[in-house]
Amino acid sequence: MSGKITQFIKTQKYRFDFGTDDKLFTTIFNAKIPQRELKGLISSLQNCLYGNMSDIILLYLKQHHLEYSNFNSIELIKKFL
């Protein structure tokens, strides 16, 4: 026995919504992200503009070799009556 502990992580759906007065930025994807990596991902977003957050999330997933699929992002313009 090697003594190595293997952690099995299920794929989960993640959704991040960031908004301003006139726009809503939404990023949705499926991924296997360990808790410590999720904290790192959220920390990497702290100093980003809302419009850049989907690019930063995707870059983080790729740089940290995290398994992901169905990555989608959208920018919605809020209309007020």
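Anyway, here's the lowdown on the structure attached to this text. (Residues numbered from 1 in each chain as written. Predicted model: local features only at pLDDT ≥ 70, side-chain atom pairs only at ≥ 80, totals over all residues. Heavy atoms only, no water.)

## Section: the environment of Q12
At step 1: Relative to the assigned elements, Q12 resides in strand β1 (residues 12-19).
At step 2: Along the sequence, Q12 and N30 sit 18 residues apart, while their C-alpha atoms lie 5.5 Å from each other.
At step 3: Ignoring anything within four residues of it in the chain, the contact list for Q12 reads F29, N30 and A31. (Helix = DSSP H or I, 4+ residues; strand = E, 2+ residues; numbered from the N terminus. Contact = heavy atoms within 4.5 Å.)

## Brief notes about the pattern of salt bridges
At step 1: If you walk through the whole model with that rule in mind, you get two salt bridges.
At step 2: Residues R15 and D17 are paired through a salt bridge, measuring 3.0 Å at the closest nitrogen-oxygen approach.
At step 3: Among the residues examined, R15 registers a relative accessible area of 54% and is labelled exposed.
At step 4: Residue classification places D17 among the partly exposed positions, given a relative accessible area of 41%.
At step 5: Residue E75 pairs with K23 through a salt bridge whose shortest N-O separation is 3.1 Å. Placement of E75 in strand β3 (residues 68-77) and of K23 in strand β2 (residues 23-31) is noted, with a sequence separation of 52 residues between them.
At step 6: Judged by relative accessible area, E75 falls into the partly exposed class, the value being 44%. (Salt bridge = Lys/Arg side-chain N within 4 Å of Asp/Glu carboxyl O. Buried < 20%, exposed > 50% of the residue type's maximum accessible area, 1.4 Å probe, protein only.)

## Some remarks on the nonpolar core
At step 1: Counting 15 residues, the largest nonpolar core has Y14, F16, F18, F29, I33, L41 and I57 as its most contacted members.
At step 2: Contributions of two or more residues to this core are made by β1, β2, α1 (35-44) and α2 (53-63).
At step 3: The element contributing the most residues to this core is α2, with four residues. (Core = buried A, V, L, I, M, F, W, Y, C linked by side-chain atoms within 4.5 Å.)

## Quick notes on the packing of aromatic side chains
At step 1: Summed over all chains, the structure comprises six aromatic pairs.
At step 2: Between the aromatic rings of F16 and F29, the centroid separation amounts to 6.1 Å while the plane-to-plane angle is 15°, which identifies the pairing as stacked. Of this pair, F16 sits in strand β1 while F29 is found in strand β2, placing the two residues 13 residues apart along the sequence. Taken individually, F16 and F29 each receive the classification buried, so the pair is uniform in this respect.
At step 3: Here the aromatic rings of F18 and Y50 are separated by 6.0 Å at their centres, their planes lie at 20°, and the arrangement is stacked. Of this pair, F18 sits in strand β1 while Y50 sits in the loop between α1 and α2; the two residues are 32 residues apart in sequence, bridging distant segments of the chain.
At step 4: Under the relative-accessibility criterion, F18 is labelled buried at 13%.
At step 5: With a relative accessible area of 36%, Y50 lands in the partly exposed category.
At step 6: An aromatic cluster is defined as three or more aromatic residues linked by ring pairs; in this entry it consists of Y14, F16, F18, F29, Y50, Y68 and F71. (Phe/Tyr/Trp six-rings, centres within 6.5 Å; stacked < 30°, edge-to-face > 60°.)

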